[in-house]
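Understanding the architecture of this molecule
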Amino acid sequence: MSAKMYALIEDNLEQFYSIADNKIAESMHFAEFVDTMKSHKDLLSGSDDEDHMEDVLHDMWCEKWSKYL
């Protein structure tokens, strides 16, 4: 993989996680959060997270809401 391609994937991952961080607070349920983020799944293209999006989002969900328990 070229350096430019790697940089693009990293930039897209950063954008995906930034969007997820904003959307997680707007979601009342995990399923709602996942549905919202499905429209941004293309940002995971080429990354290891692409095949594990729900697992990654679940980890984010648990970490975010565990602070409030």
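Let me sum up the structure you'll find in this document.

Rules used throughout
- Residues numbered from 1 in each chain as written.
- Predicted model: local features only at pLDDT ≥ 70, side-chain atom pairs only at ≥ 80, totals over all residues.
- Heavy atoms only, no water.
- Helix = DSSP H or I, 4+ residues; strand = E, 2+ residues; numbered from the N terminus.
- Buried < 20%, exposed > 50% of the residue type's maximum accessible area, 1.4 Å probe, protein only.
- Contact = heavy atoms within 4.5 Å.
- Axes fitted to C-alpha atoms, helices over the stretch in contact; angles between N-to-C directions.
- Parallel < 35°, antiparallel > 145°, perpendicular 65-115°, else oblique.
- Left-handed = near helix turned anticlockwise from the far one by under 90°.
- Nonpolar A, V, L, I, M, F, W, Y, C, P; charged D, E, K, R; others polar.
- Polar contact = N/O pair within 3.5 Å; in protein donor to acceptor, adjacent residues only side chain to side chain.

A short note on the environment of isoleucine 19
- Counting through the fold element by element, isoleucine 19 comes out in helix α1 (residues 3-24).
- Given a relative accessible area of 18%, isoleucine 19 falls into the buried group.
- Along the sequence, isoleucine 19 and threonine 36 sit 17 residues apart, while their C-alpha atoms lie 9.9 Å from each other.
- Non-local contacts of isoleucine 19, meaning those with residues more than four positions away in its chain, are made with Met37, His40 and Leu43.

Things to note about the packing of helix α2 (residues 30-38) against helix α3 (residues 53-66)
- One way to put it is that α2 packs onto α3 with a least axis distance of 10 Å and a crossing angle of 130 degrees. Between α2 and α3, the angle is such that the two are oblique. Considering how the two elements wind past one another, α2 and α3 form a crossing that is right-handed. Within the contact between the two elements, α2 uses Phe30, Phe33, Val34, Met37 and Lys38 and α3 uses Met53, Glu54, Leu57, His58 and Trp61.
- Of the residues belonging to the contact of α2 with α3, the class tally is seven nonpolar, one polar and two charged.

Points about the side chain of serine 47
- Following the sequence through the fold, serine 47 ends up in the loop between α2 and α3.
- Engagement of the side chain of serine 47 in a polar contact is seen with the backbone nitrogen of aspartate 49, the distance being 3.3 Å.
- With sequence-adjacent residues up to four places away left out, serine 47 is seen in contact with Ile9 and Leu13.

No statement about biological role is implied by the geometric values presented.
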